[in-house]
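Here's the letter readout for the chains.
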Amino acid sequence: MTKCRGRRRLHLSNIYAFKGRKSSFQDDHSNIGGPGFSRVVYCNDPNSPAAERRNYAGNYVRSTKYTLASFIPKSLFEQFRRVANFYFLVTGILSLTPLSPYGAVSALLPLGFVIAVSMVKEAIEDWGRKKQDIEMNNRKVKVHDGNGIFRQEEWRNLKVGDIVRVEKDEFFPADLLLLSSSYEDSICYVETMNLDGETNLKVKQGLEATSSALHEDSDFKELKAVVRCEDPNADLYTYVGTLHLEEQRLPLSIQQLLLRDSKLRNTEYIYGAVVFTGHDTKVIQNSTDPPSKRSRIERKMDKIIYLMFGVVFLMSFIGSIVFGIETREDRVRNGGRTERWYLRPDDADIFFDPDRALMAAFFHFFTAVMLYSYFIPISLYVSIEIVKVLQSVFINNDILMYYEENDKPAHARTSNLNEELGMVDTILSDKTGTLTCNSMEFIKCSIAGTAYGRGITEVERSMAMRSNGSSLAGEDLDVVVDRSGPKIKGFNFEDERVMKGNWVKQRDAAVLQKFFRLLAVCHTAIPETDEATGAVSYEAESPDEAAFVVAAREFGFEFFSRTQNGISFRELDLASGKTVERVYRLLNVLEFNSARKRMSVIVRDEDGKLLLLSKGADNVMFERLAKNGRNFEEKTREHVNEYADAGLRTLILAYREVDENEYIEFSKNFNEAKNSVTADRESLIDEITERMERDLILLGATAVEDKLQNGVPDCIDKLAQAGIKIWVLTGDKMETAINIGFACSLLRQEMKQIIINLETPHIKALEKAGEKDAIEQASRESVVKQMEEGKALLTASSSASSHEAFALIIDGKSLTYALEDDFKKMFLDLATGCASVICCRSSPKQKALVTRLVKSGTGKTTLAIGDGANDVGMLQEADIGVGISGVEGMQAVMSSDIAIAQFRYLERLLLVHGHWCYSRISSMICYFFYKNITFGVTVFLYEAYTSFSAQPAYNDWFLSLFNVFFSSLPVIALGVFDQDVSARYSYKFPLLYQEGVQNLLFSWKRIIGWMFNGVFTALAIFFLCKESLKHQIYNPNGKTAGREILGGTMYTCVVWVVNLQMALAISYFTWVQHIVIWGSVAFWYIFLMIYGAIAPSFSTDAYKVFIEALAPAPSYWLTTLFVMFFALIPYFVFKSVQMRFFPGYHQMIQWIRYEGHSNDPEFVEMVRQRSIRPTTVGFTARRAASVRRSGRFHDQLNKNFIAF
């Protein structure tokens, strides 16, 4: 039997004001048993007949797309949904009829091969998901077996009603009702990182009725209870139910529900009853299938396929008409004798019979559709899929996008959007955790009106640059601060006046002591001491709180223990000068929430004094100060404003002594309110704490920094030079977002800021009056007016041909009205005319709506990047969703298309991999259609030459294997390895990226150009081969060339020309390209010999055609050589003229590299200046704007451009 360790005798419920022991019955509890509230859970009796009749879902979870039974039918359906594959299936079926111009096997085998490869790819991807499912479902948890014994059981075998025991740092296997924990009052700490991306801990608490009776394993032997609650739903933040236990009916709330995939932290163990399993759990109810995303190139490729279908059907239709006319007039023209006697029309059922010309034309149409099917590249889709998977492998294994600190490589979760990475027009980014680290560092503080902290934040550094080098951080910044990064997590403070115990020498040492004590005591953190080293670490409910406790420790006030009676910490005694241990008795904690914006603790010190210690936002704390507690208010306000300007998060610290009688009255009222079960319980508690938190004495203020991630300004600068627009969508307040914008160069000094908010006196007055309709109407009118004024500024600037840059900054309230159907077009026009856009106080829904508006309104590719659950909607709405995988298991990463560990890796992902993928896929598709048009037109010309008699120019297997073996591998190698410009030059000349944004490499002009190249190549091959073999004696026996000779020669020329064309098109040769190009040509000759050696019953007219006819004839080799030269000359001349006189941007860079200008800094800078426009953001644009203001910019740019 599993023995239970002793319970931690901590009544932590004493320290929480708003998470009390007793839940109250709310209005929703009256719905129990009705629709939507019908779930009944028989706790500790999951196998009872009543429970089994409920037939609830098991705990087995499946995320795979297929099952063993559904794989073949479902996968086949997915393959034949593609119109090209369905077309080849139809032609394959028709090949079984007498209408077929070739054998059925040669038509169906390549199709089967292509479909099989695609299905294998699907199976491999799904097997990866299956392995994740197996790992998840086979995790172990302790389950009660009914005899007071808990045994290990796999997650998948859990049933509704099972009692489980989860231990520290384990995940919850299902949604559990918390019954008891290792703490006597059933408190437990839960990490919900997998649900909302937050690393701070949440507090849950079981009911007193269960925690008082269920202490250890054996107590569950006789447990009988029934839970009646809501049905499965996706709401993570509410839960309504009742627990029927020993004639008691107890209300249940979200406070008692432990959600699947959350982790138990700082708690030795908990016992819970399973209420929701498997796909009924709230986390899986929230998981939606990601939207189906297809790249713009793939959608355009479908249009080309449809175009080719149209061409095939048109050619078949015209050919059938011509064939019908030829057939009908055949006898007439020859006085009753057929001219095409060799076709044996007199022996034909329908074909070639002049008396049945109409039916012959009708059937010829179907034959021609089959014959011209080679215009459609059968291997195009599967080749592109293979290429994209291999491209994803390169992305995943790029060492330059590997974050060693967290062991996080880049991870392309889907390969469908690789080329879309090279076409991004707008990036919509979250701020906290994406641009910033979401790791708070204590950097400054103000105590007794004196500012401490020598460090300079990123924002201060940026502000100093904006002020022409003058510092904004005070006069003490001449101290050299270590810039190598904080040595202690959460602490980046440097000031010799207070460090290393020097605070005791300060004039206000007593105030400093109270300030540091408050940091060490006023919190809910849990200490953990390393038994080996004695080092103390902390688990806190928020990163800010952890930073405060660490800061207190570094100042000499080390919190090291929390007991039932209070908090223990070590400090330097002012009288003795020695470190002493102090214990404060903790009486109450009035915790922080978004409404209160403050937290307080009530403690009794060693002298018996009652103290209220409080910290909170400045707007709620200053108004609670006593008249005699405002000694440092003016200075503190100044410092707080400076800290806010520096992008720091601030809190005000204050305290007061509490009278004994006052506390007795408070405690009585407070406990009564906590134990109340009425609906107004929370408001009662709020009212009582409000009366306590007053007449405070100000101590000072703290400032913590959520630092920019490394490389963010550089990355933004490069992306801006690439012409990519960057929007920031954040939940932070406007001032913080603006300052972060300056720090990362999204904003600069000379930019005109268009600020849209609802902070007008008129609206404030309406808000005080509480007139909702009037407020809404006035707010809407105000937002529209501000947008119109902003648009007028843009229009005036544009008409004046000035180079002013504008930034749009809008808050969440205003955004609500700006996104309404009547005004969203105006908002989008205004936003797209600005260099930077920052949306503050944005809700998750607003982020998604803004992303949708940009995507649909501009018609350009959008990329959203974020790190938290609040960014999921935005990531799924954008064309490409990028998740920051700094912390494992975040929901943003699970919903993203690509995961990277740091924002700075976006630069390489887009400018290098994105451009390469776009360039490769574009060239690959163009080349695919080129080679198929070349091949298809030769087939068409030969059939026209034979009066559309449906005779193929080539042997059946020659037709079938062209796309699969003789031309596909080189194009796959192109898609994987080609580089028009190296990574180094992609960084050096970021404007190269605009080739993808403007879709220059896959424009209709380029596509049709490649098609015409294919038509010309086919004309050259057919007519040169036909004319060269027409009248000559082909062998010593005096025989002229027949169809097999002409077909073999034409086919050889096609194989050579399309592969040489590939060699000319490639920019970056590797040994792989050499092998596949020359190997494809060599394989053609090898195949011709092997196939020709097979019996004539199989090889038909290819029997020994190479050995006996082609190879011995010099004309065969001479014709091949001449055709190759003639067919490729036009492309070579065109590219030479284009490269010399009309180069694209990538060709310009190739010239720079070729002519050796890459190491000439002036020449390189001149070319780069083309990407720096007045409306660009980034520090390079800011530097250019400074030069522009000096009047030197345009003269120098014009001079350089003329020289170029």
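Definitions and limits used
- Residues numbered from 1 in each chain as written.
- Predicted model: local features only at pLDDT ≥ 70, side-chain atom pairs only at ≥ 80, totals over all residues.
- Heavy atoms only, no water.
- UniProt positions renumbered as here; feature names shortened; annotations may be inferred.
- Core = buried A, V, L, I, M, F, W, Y, C linked by side-chain atoms within 4.5 Å.
- Buried < 20%, exposed > 50% of the residue type's maximum accessible area, 1.4 Å probe, protein only.
- Helix = DSSP H or I, 4+ residues; strand = E, 2+ residues; numbered from the N terminus.
- Contact = heavy atoms within 4.5 Å.
- pLDDT = per-residue confidence, 0-100.
- Pairing = 2+ DSSP bridges.
- Axes fitted to C-alpha atoms, helices over the stretch in contact; angles between N-to-C directions.
- Expected span 1.5 Å × (residues − 1).
- Polar contact = N/O pair within 3.5 Å; in protein donor to acceptor, adjacent residues only side chain to side chain.
- Left-handed = near helix turned anticlockwise from the far one by under 90°.
- Nonpolar A, V, L, I, M, F, W, Y, C, P; charged D, E, K, R; others polar.
- Patch = residues over 30% accessible without salt bridge, like charges linked within 9 Å, V, L, I, M, F, W, Y side chains within 5 Å.
- Areas by Shrake-Rupley, 256 points an atom, 1.4 Å probe, with all protein chains shown as cover.
- Salt bridge = Lys/Arg side-chain N within 4 Å of Asp/Glu carboxyl O.
- Parallel < 35°, antiparallel > 145°, perpendicular 65-115°, else oblique.
- Phe/Tyr/Trp six-rings, centres within 6.5 Å; stacked < 30°, edge-to-face > 60°.
- Lys NZ or Arg CZ within 6 Å of the ring centre and 35° of its normal.

In the annotation of an unreviewed UniProt entry, the entry for the chain reads Phospholipid-transporting ATPase, and the organism field reads Capsella rubella. The heading Cofactor (unreviewed entry) in the UniProt record of the chain holds the text "Mg(2+)".

**Student:** What exactly am I supposed to notice about the nonpolar core here?
**Tutor:** One broad rule of soluble globular proteins: the nonpolar side chains tend to lie buried together. Counting residues in hydrophobic clusters, the biggest one holds 111 residues, and the most contacted among them are Ile-376, Tyr-954, Phe-958, Tyr-1051 and Trp-1084. Take this core: its biggest share by element is 15 residues, from helix α27 (residues 905-945). Beyond its immediate stretch of four places on either side in the chain, Tyr-954 contacts Phe-935, Thr-938, Val-939, Leu-959, Arg-1043, Gly-1047, Met-1050, Tyr-1051 and Val-1054.

**Student:** I'm lost on the confidence of the model for the chain in this one. Help?
**Tutor:** Do not read the fine detail of predicted coordinates wherever pLDDT is low. Per-residue confidence for the chain gives a mean pLDDT of 81, with 84% of residues at or over 70. Per-element averaging of pLDDT across the chain places helix α41 (residues 1193-1203) at the bottom with 46 and strand β4 (residues 163-167) at the top with 94. Here residues 1196-1204 is a poorly scored stretch, pLDDT under 50, and it has 8 contacts once near neighbours within four places are set aside; other chains count.

**Student:** Explain the sheet that holds strand β6 (residues 187-191) to me, please; I cannot follow it from the model alone.
**Tutor:** Strand pairing within a sheet occurs via backbone hydrogen bonds; the two strands may be parallel or antiparallel. Read across the open sheet, the 3 strands follow the order β7-β6-β12; overall the sheet is antiparallel. Pairing within the sheet leaves two strands with one partner each, and these edge strands are β7 (201-205) and β12 (263-265). The average angle at which neighbouring strand axes cross in this sheet is 45°, direction not considered.

**Student:** For this particular structure, what's the right way to read helix α33 (residues 1043-1065)?
**Tutor:** Along an α-helix, residues three or four apart share an orientation, since each turn contains 3.6 residues. Compared with the 33 Å implied by 1.5 Å per residue over 23 residues, the 32 Å span of α33 between its first and last C-alpha is a close match. For α33, the tally of buried residues reaches 18 of 23 residues, placing the bulk of the element in the interior.

**Student:** Help me out: how do you make sense of the UniProt feature "active site" (unreviewed entry) in the chain in this one?
**Tutor:** With numbering aligned to this structure, UniProt lists the feature "active site" (unreviewed entry) at Asp-430. Within the secondary structure layout, Asp-430 lies in the loop between β15 (424-429) and β16 (436-447). Setting aside residues up to four positions removed in sequence, Asp-430 forms contacts with Leu-435, Leu-729, Thr-730, Lys-847, Ile-865, Gly-866, Asp-867, Asp-871 and Met-874. A polar contact is formed between the side chain of Asp-430 and the side chain of Thr-434, at a distance of 3.4 Å.

**Student:** Help me out: how do you make sense of the packing of helix α4 (residues 104-137) against helix α10 (residues 380-396) in this one?
**Tutor:** Relative placement of two packed helices is described by the angle separating their axes and the distance separating the axes. In contact at an axis separation of 9 Å, α4 and α10 are set at 35° when each is read in the N-to-C sense. Handedness of the crossing formed by α4 with α10: left-handed. Contacts between α4 and α10 involve Val-114, Val-117, Ser-118, Lys-121 and Glu-125 from the former and Val-382, Glu-385, Ile-386 and Val-389 from the latter. Tallied by class, the residues present in the contact of α4 with α10 amount to 5 nonpolar, 1 polar and 3 charged.

**Student:** Please clarify how the UniProt feature "binding site: Mg(2+)" (unreviewed entry) in the chain should be interpreted in this entry.
**Tutor:** In the UniProt entry, the feature "binding site: Mg(2+)" (unreviewed entry) is given for Asp-430, Thr-432, Asp-867 and Asp-871. Spanning 442 residues, the annotated positions come together in the fold, the maximum distance between their C-alpha atoms being 10.8 Å. Here Asp-867 lies in the loop between β31 (861-866) and α25 (872-877). Owing to a relative accessible area of 8%, Asp-867 belongs among the buried residues under this scheme.

**Student:** Which parts of the structure should I look at to understand a nonpolar patch on the surface?
**Tutor:** On the surface, Phe-1016, Leu-1064, Phe-1122, Phe-1125, Phe-1126, Ile-1129, Phe-1132, Val-1133, Val-1137, Phe-1141 and Phe-1142 cluster together to form a nonpolar patch covering roughly 1100 Å² of accessible area. Mapped onto the secondary structure, Phe-1122 falls in helix α37 (residues 1114-1141).

**Student:** Looking at this structure, I do not really get the sheet that holds strand β8 (residues 225-229). What am I missing?
**Tutor:** What the 4 strands build is an open sheet, ordered β1-β8-β9-β10; its pairing is antiparallel. Of all strands in the sheet, those bounded by a partner on one side alone are β1 (39-43) and β10 (248-252). When the angles between neighbouring strand axes are averaged without regard to direction, this sheet yields 20°. Summarising the sheet, β8 and strand β9 (residues 241-245) pair through 4 bridges and their orientation is antiparallel. Looking at β9, one finds that Val-227 is bridged to Leu-243.

**Student:** Teacher, can you tell me more about the pattern of salt bridges here?
**Tutor:** Enumeration according to the criterion identifies 49 salt bridges in this entry. Across the pair Glu-606 and Arg-582 runs a salt bridge whose closest N-O atoms are separated by 3.2 Å. On the criterion of sequence distance, the pair formed by Glu-606 in the loop between β23 (598-604) and β24 (610-616) and Arg-582 in strand β22 (residues 579-590) is long-range, its members being 24 residues apart. Classification of Glu-606 by relative accessible area gives partly exposed; the value is 41%. One salt bridge in this structure joins Glu-820 and Arg-780, with 2.9 Å as the shortest N-O distance. Separated by 40 residues along the polypeptide, Glu-820 in the loop between α22 (812-818) and α23 (824-832) and Arg-780 in helix α21 (residues 772-799) bring together distant segments of the chain. For Glu-820, a relative accessible area of 24% puts it in the partly exposed group.

**Student:** Is there a simple way to think about the packing of α10 against α27 in this case?
**Tutor:** Closest axis-to-axis distance for the α10/α27 pair is 11 Å, and the angle between their directions is 165°. Overall, the two elements α10 and α27 adopt an arrangement that is roughly antiparallel. When you trace α10 past α27, the crossing you get is right-handed. Within the contact between the two elements, α10 uses Leu-380, Ser-383, Ile-384, Val-387, Lys-388, Gln-391, Phe-394 and Ile-395 and α27 uses Leu-909, His-913, Cys-917, Arg-920, Ile-921, Met-924, Ile-925, Phe-928 and Phe-929.

**Student:** Can you help me understand the packing of aromatic side chains in this one?
**Tutor:** For any two aromatic rings, the description comes down to two numbers: the centre-to-centre distance and the angle of the planes. What the rule picks out here adds up to 65 aromatic pairs. Between Phe-493 and Phe-555, the aromatic rings sit 5.2 Å apart at their centres with planes inclined by 85°, giving edge-to-face as the arrangement. One end of the pair, Phe-493, is in the loop between α11 (458-466) and α12 (509-521); the other, Phe-555, is in the loop between α13 (543-554) and β20 (558-562), and 62 residues separate them in sequence. Judged by its relative accessible area of 3%, Phe-555 is buried. It is Arg-39 that lies over the ring of Tyr-56; its NZ or CZ is 4.0 Å from the centre. One Lys or Arg, Arg-165, reaches over the ring of Tyr-269 and ends 4.4 Å from the middle of that ring.

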